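A look at the structure
Chain by chain, the residues run as shown.
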Amino acid sequence: MLNSTNSHRKDPQADSSVSLLPHLEAKIRQTHSLARLLTKYAEQLLQEYVQHQGDPFGQPGFSPPRLPVAGLSAPGPSHAGLPVPERLRLDAAALAALAALLELVRRRQAELNPRAPRLLRRLEDAGRQARALGAALDTVLAALGAAARGPRPEPPAPAAAGAFPAKLLGLRVCGLLRDWVSRTEGDLGQLVPGGPG
Amino acid sequence: MSTLQIWVAQALVIFLTTESVGELLDPCGYINPESPVIERGSNFTAVCVLKEKCVDYYHANASYIVWKTNHLNVPKEQYTTINRTASSVTLTNVASLSIQLTCNIFAYGQIEQNVYGITVLSGFPPEKPKNLNCIVNEGKRMMCQWDPGRETYLETNFTLKSEWATEKFEDCKAKPDTPNSCLVSYAPVYFVNIEVWVEVENALGTATSDHLNFDPVEKVKPNPPHNLSVSNSEELSSILKLTWINPNIKTIMTLKYNIEYRTKDASTWSQIPPEDIASTRFSFTVQDLKPFTEYVFRIRCMRSNGKGFWSDWSEEASGITYEDRPSKAPSFWYKINPSHTHGYRTVQLIWKTLLPFEANGKILDYEVTLTRWKSHLQNYTTNDTKLTVNLTDDRYIATLTARNLVGKSDASALTIPACDFQGELVESKCYLITVTPVYANGPGSPESTKAYLKQAPPSKGPIVRTKKVGKNEAVLEWDQLPVDAQNGFIRNYTIFYRTVIGNETAVNVDSSHTEYTLSSLTSDTLYMVRMTAYTDEGGKDGPEFTFTTPKFAQGEIEAIVVPVCLAFLLTTLLGVLFCFNKRDLIKKHIWPNVPDPSKSHIAQWSPHTPPRHNFNSKDQMYSDGNFTDVSVVEIEANDKKPFPEDLKSLDLFKKEKISTEGHSSGIGGSSCMSSSRPSISSSDDNESTQNTSSTVQYSTVVHSGYRHQVPSVQVFSRSESTQPLLDSEERPEDLQLVDNVDNNDEILPRQQYFKQNCSQPETSPDISHFERSKQVSSSNEEDFVRLKQQQISDLISQSCGSGQIKMFQEVSTADAFAPGTEGQVERFEAVGMEAATDEGMPKSYLPQTVRQGGYVPQ
């Protein structure tokens, strides 16, 4: 898998269109399916996260502030006019940042909720899956001939804070994960033959 | 102080004790290697090294060492004494899995003491694991399996490694009791390729399997569909509808199914065509089932693209198809009670129940109808299988139907004879005797047979006829005799056939046949044939039938005629092709072409002119085929230089001629021009003329080109007619011009003959011709010619004849002014006179195309 990705990055145009197109189409379909699956997982993760945070999380009237997360922005409407490869590049960058943030959240949750192994496992899996989806996007981008992205800076670790801000951060990260994965699914859907694009 | 002494004493005791114990356990030597593991079948060498203190203590050295394996002495030949304290032993082709090897020494030369012992293990290095494959049971972790290879007989560890492109996963170590599989500790993530491989290692080496890269979704074994249920349809008794709940995996992949079914009592399963259930669904209607039958179903699923594994079968579910009307009428018979009272008799009707596959449901009741006359009906309904009724002595017809929830069966009918019925058997009549067994639970299968009270010969014989008659054989056929004519069982037939003069031949044929082939017949022969049918009591001849064998077999005539016809056609075709290829030769010898003089026309030849057909539409009337032996004479320039006098006269002639051409062209036709030829050709080269005359029989000289065809100086036309020339045409002076021209090639580079018709006044070619003429004329004559051109232009709209007369007159006049051209003047005057004469009366030498009817072949 890794070798295959690298070979595409070296010379995305090297393969003939005859051999590349079926492979590319299959890869796009696979990545799209992964994004769709992870969207569902992200929704489940968000629900489970809320369940383990205690009050006021999960209460009907609770509406936490949408705090900005360092190194990661929410998918905004300003991206709507961008071409699909550019949107996919943004998706991949966001997923890479999310993977690191999810690990951070998992560590804080391990302190705050050490008796929630399923949540911790879900957080760990979510970080791993976000990396996998980002790598798959990179493969698709390379096959499309889009320029490979440069090294992504690791999001700065937030300063140690209290339990509530840590929970808020986790909630925000889980929400962003859902949003970005969902947007990735939509972006890839435009490339799938027969899709909306 | 005392306490200190006590502590020191205790420590000394412990030290001394420890040292003494250590000395007791200290072996006298050791074996190297300590824990060997060797490959099975290989050689192994061990060395026993004695300690010096033991050598001294036991008064022994390495030569006193004795090696033992599993308490048995090793042969001395395998020992090697290395030095005073060391001895080695080599074990060859070690086959035992475990060997206890001990080093022993004879203390004091007599007492065997064990010095040291080791265990030698043998086995095999691990082989490369093969056939690595993984399966992802839905909702469970991924398990991979592989072929571990041969038994190593050693402790061997198998480790399944796995990684994504982005990270590695925790190793999965196979349990010792299941070295060929491992269940990974993490949940699989679909749609992300994972790479797995197996690493194996033991004391003798390591090996790695091939890497396997796959998407876990392609290795899924779904959970089976559950909650399978079966329901029937009241509308259709041949269907059952299955419904089920799909496994959760359906949310990420499409599924296909296998559905199998069987009747409850059957052991083999039938399968629904897989193509009918090749996509995700939650129900299916099975058709073509038997009514009111219990079926058992089961279902399984897998990914629709075939990548992955089938799920286990679901739990079985059963259902019963809905009822249908009985498919068969019940068997039915009667018993008549012999007691007869007051004109009535007791009749018991009996039938048996239908089999389940005939009843197609639960039989609710039976309906019996008795008909005495056509209008007398008696209906009975019962759910029993018998019915007793009192009937009159009349004849009855009874019908019986079975009814279930859906409907009634067809009716079975039975005739109950009248009471006075008495059978009377006669001879030579065929009777069908049927016996139906009656058991306690109903009737059995009836059996029938034919019988005669007494047989007799047939009342008539079979009528034989031919079905097909060949050259040497004939196929005879006949009909079975009617039963009334048989009078017994037909045992066999005999066929008699003969020719008119030959003996009769008889052939016996089995009675089951209705056809027989007579073979070895003679062709073109009349045969008479008859048949006799035999019963046990005798035979009866049928009528005689005659037929004649044909002379030829079918297709024989065609086989002769067709090749002959083909040969004839081929010969004819070849002859035609030969004649076609040699048609010119044949035509010349058999029917040489005699041109029709009335179709003669003038040919034109000029290097600047297109072919003849460009002359005009009138010329095109005469196709090339009309002209045979057309000779075109090209007169090339002659190297022979003429005498000065000749040059002079010729030059003059040339000028004259050019002027004449300029005046004559475009005004009149060749008839007008041809008259000038004899005048111009005033040369006295008779010999040359004769030569030309011998090859060109008819020729006419014209002076002008035609339309765009501009002859260089002179143009000649020739008739292709082979008719004898008229006297005037045969005169040498008429052809002198040809020879004259021929002799003056220095002036005229090339002269051609060509044809030209009259009555085609053309203006422009004449003008161009004048321009040409001017170029070849002298400068003194040039002005004069221009003057003449102007005059000619004025005259050009006049008619041919008159125009020509005027023109030639003027030409003559013009030439008269030219110095040194008197001869030519006279000749031009002659030309003018001849042209004038032409207008009034045709000359006999004129080409036939010039004037209609102007020449009559002689």
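Cut-offs used in this document
Residues numbered from 1 in each chain as written. Chains lettered and ligands numbered in written order. Predicted model: local features only at pLDDT ≥ 70, side-chain atom pairs only at ≥ 80, totals over all residues. Heavy atoms only, no water. Core = buried A, V, L, I, M, F, W, Y, C linked by side-chain atoms within 4.5 Å. Buried < 20%, exposed > 50% of the residue type's maximum accessible area, 1.4 Å probe, protein only. Helix = DSSP H or I, 4+ residues; strand = E, 2+ residues; numbered from the N terminus. Disulfide = S-S within 2.5 Å. Contact = heavy atoms within 4.5 Å. Salt bridge = Lys/Arg side-chain N within 4 Å of Asp/Glu carboxyl O. Nonpolar A, V, L, I, M, F, W, Y, C, P; charged D, E, K, R; others polar.

**What about the nonpolar core?**
Ranked by size, the top nonpolar core spans 93 residues in total, and within it A:L72, A:L177, B:M142, B:L160, B:Y190, B:I259 and B:F297 carry the most contacts. With 12 residues, helix α3 (residues 84-112) of chain A is the largest single contributor of residues to this core. Counting 29 residues, the second-largest nonpolar core is a separate cluster that includes B:W67, B:V89, B:I105 and B:Y116.

**Description of the state of the cysteines**
Residue and element names in this part refer to chain B. All told, the structure shown has four disulfides over all chains when counted by the stated rule. Each sulfur in the disulfide pair C28 and C54 lies 1.9 Å from the other. Given an S-S torsion of about -85°, the disulfide between C28 and C54 has left-handed geometry. You can see C28 sitting in the loop between α1 (2-25) and β1 (29-32) and its partner C54 sitting in helix α2 (residues 52-58), a full 26 residues away along the chain.

**A word on the interface of chain A and chain B**
Between chain A and chain B, the residue contacts involve 12 residues of the former and 15 residues of the latter. At the junction of chain A with chain B, the criterion picks out two salt bridges. For the side of chain A that touches chain B, the secondary structure elements donating two or more residues are α2 (17-51) and α4 (117-144) of chain A. For the side of chain A that touches chain B, the class distribution of residues is six nonpolar, three polar and three charged.

**Some points on the pattern of salt bridges**
According to the stated counting rule, one finds 41 salt bridges over all chains in the structure shown. Salt-bridge contacts for B:K128 lead to B:D210; the nearest nitrogen and oxygen are separated by 2.7 Å. Pair noted here: B:K128 is in the loop between β9 (111-123) and β10 (130-137) and B:D210 is in the loop between β16 (205-208) and β17 (212-214), with a separation of 82 residues, a long-range link. Where salt bridges share partners, they join A:E124, A:D125, A:R128, A:R131 and B:E167 into one cluster.

**A closer look at the environment of B:A86**
Residues and elements named next belong to chain B. With respect to the helices and strands, the residue A86 is situated in strand β7 (residues 86-91). Look at A86 and you get buried, because its relative accessible area is 7%. Each C-alpha atom of the pair A86 and I31 lies 9.5 Å from the other, and the pair is 55 residues apart in sequence. With near-sequence residues (within four places) excluded, A86 lies in contact with V47, C48, V49, A62, T80 and T81.

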